[in-house]
Amino acid sequence: MGYPRLGGEGGKGGDVWVVAHNKMTLKQLKDRYPQKRFVAGEGANSRVSALKGSKGKDCEIPVPVGISINDENGKIIGELNKEKDRILVAEGGLGGKLLTNFLPLKGQKRVIHLDLKLIADIGLVGFPNAGKSSLLSKISHAKPAIADYAFTTLKPELGKIMYNDFKQISVADLPGLIEGAHMNKGMGHKFLKHIERTKQLLFVVDVSGFQLSSQTQYRTAFETILLLSKELGLYREELQTKPALLAVNKMDLPDAQDKFHILMNQLQNPKDFLHLFEKNMIPERTVEFQHIIPISAVTGEGIDELKDCIRKSLDEHTNQENDAYHKKQLLNLRISNTVSYSELPSKNAVTSARIDIT
């Protein structure tokens, strides 16, 4: 409340902030605050001894890094991608003052949704049983579930590739895609939302092709790549423009070399083959692979080359981002200098400083 007789202003209500912490998990948040209700403090009333009421205490909601915050209509309020990142989600009301007839205004009240997306350098993309989990265990210290059936990965697994110079690259093994994933079939959106946060994609395909079950159609390795690209594009077009590599797995199988040569011919000359497929299989734009590496997650063939290619691709991408940032900074500096030069006063001009005090 304000103090009308002396014109005192009441304190503003506290704000509600969402703050990122590295050691926080969504489970800890849920266990610690089962009611899921967060209220900031009230502002202090204006009084004779303190005409300006103090602001109410802010409320901070601790969340894990990598959180996306949406309002109740699904609109994104913001994302917190590093430690101590914070975002205002509900603002405290104004304290009583002349403008409000010395009555306080109610603070903001809203419902928010917290959506955690995995952050990784590389995201493994492939249909079930392409050998993604086996590959992750081969290139990193992760120990994902591995078995000879589809859908062994039901939740994201994260591993780190360790290099001799102590460089580390994080790799996410995500649940296998299926046709129709963009419409939330199978693990659908649970898979695709994590792909958005990865810097680059590593497609993993079985050189012999893929068949989910005896009731579904067999797909060659080339068809598999087309369908994976299609699913990514239908969910979010930008995913098709992410830097991508291709690991052609299971090269230890009979006739693998012949099948790999056929696949390379199809990838190098896609227009010669696209007319052979149904229109609904062909993506709007095909993913361009920076490197194509034949591997065997079982025997270890091609694994070292793959690790080198992953690092090279990420380093190139980082250099491009740094160059783009420096060019932007230089451009801003030039614009700033041009504006400053054009605004220099003439010799006869009279300049005066003005300070407004409110």
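In the nomenclature of an unreviewed UniProt entry, the protein is known as GTP-binding protein 10 of Physeter macrocephalus. If you open the UniProt record of the protein and go to Sequence similarities (unreviewed entry), you find "Belongs to the TRAFAC class OBG-HflX-like GTPase superfamily. OBG GTPase family."

Chemist: Please explain the overall build of the protein as it appears in this structure.
Modeler: The number of helices and strands found in the protein is 6 helices and 12 strands. Per-residue burial for the protein yields a buried fraction of 42% across its 358 residues. For the protein, the proportion of contacts with a sequence separation of at least 24, taken over those separated by at least 6, is 69%. Just so you have it, the protein exposes about 21,600 Å², and 52% of that area is on carbon and sulfur atoms.

Chemist: Just checking my understanding: could you explain the nonpolar core for this structure?
Modeler: Nonpolar side chains tend to gather and get buried jointly when the protein is soluble and globular. Ranked by internal contacts, the top residues of the largest apolar core, which has 32 residues, are F203, F222, L246, V248 and F289. Contributing elements (two or more residues each) for this core: β10 (200-206), α4 (221-235), β11 (244-249) and α5 (256-268). Among the elements that line this core, the one with the most residues is α4, at 8 residues. Residue contacts for V248: discarding those within four places in its chain leaves V205, V207, F260, L263, I292, I293, P294 and I295. Counting 22 residues, the second-largest nonpolar core is a separate cluster that includes L135, A247, I295 and I303.

Chemist: For this particular structure, what's the right way to read a nonpolar patch on the surface?
Modeler: A cluster of nonpolar side chains, namely L6, V48 and L51, defines an oily patch on the protein surface of about 250 Å² accessible area. Inspection of the secondary structure puts V48 in the loop between α1 (26-32) and β2 (59-64). With a relative accessible area of 56%, V48 lands in the exposed category.

Chemist: What is the right way to read the packing of aromatic side chains from this model?
Modeler: Aromatic rings in a pair are described by how distant their centres are and how their planes are angled relative to each other. Inspection of the entire model under this criterion finds 3 aromatic pairs. Ring centres of F127 and F210 lie 5.0 Å apart, and the angle between their planes is 15 degrees; this geometry places the pair in the stacked category. Of this pair, F127 sits in the loop between β7 (122-125) and α2 (132-139) while F210 sits in the loop between β10 and α4, and the two are 83 residues apart along the sequence. Grouping residues by exposure puts F127 and F210 together as buried. Where F203 meets F289, the ring centres are 5.2 Å apart and the plane angle is 80 degrees; that geometry is what we call edge-to-face. Residue F203 is found in strand β10, and its partner F289 is found in strand β12 (residues 289-294); the two are separated by 86 residues along the sequence. The exposure classification of F203 matches that of F289, with both residues buried.

Each value, and the rule that gives it
- Residues numbered from 1 in each chain as written.
- Predicted model: local features only at pLDDT ≥ 70, side-chain atom pairs only at ≥ 80, totals over all residues.
- Heavy atoms only, no water.
- UniProt positions renumbered as here; feature names shortened; annotations may be inferred.
- Helix = DSSP H or I, 4+ residues; strand = E, 2+ residues; numbered from the N terminus.
- Buried < 20%, exposed > 50% of the residue type's maximum accessible area, 1.4 Å probe, protein only.
- Contact = heavy atoms within 4.5 Å.
- Areas by Shrake-Rupley, 256 points an atom, 1.4 Å probe, with all protein chains shown as cover.
- Core = buried A, V, L, I, M, F, W, Y, C linked by side-chain atoms within 4.5 Å.
- Patch = residues over 30% accessible without salt bridge, like charges linked within 9 Å, V, L, I, M, F, W, Y side chains within 5 Å.
- Salt bridge = Lys/Arg side-chain N within 4 Å of Asp/Glu carboxyl O.
- Phe/Tyr/Trp six-rings, centres within 6.5 Å; stacked < 30°, edge-to-face > 60°.

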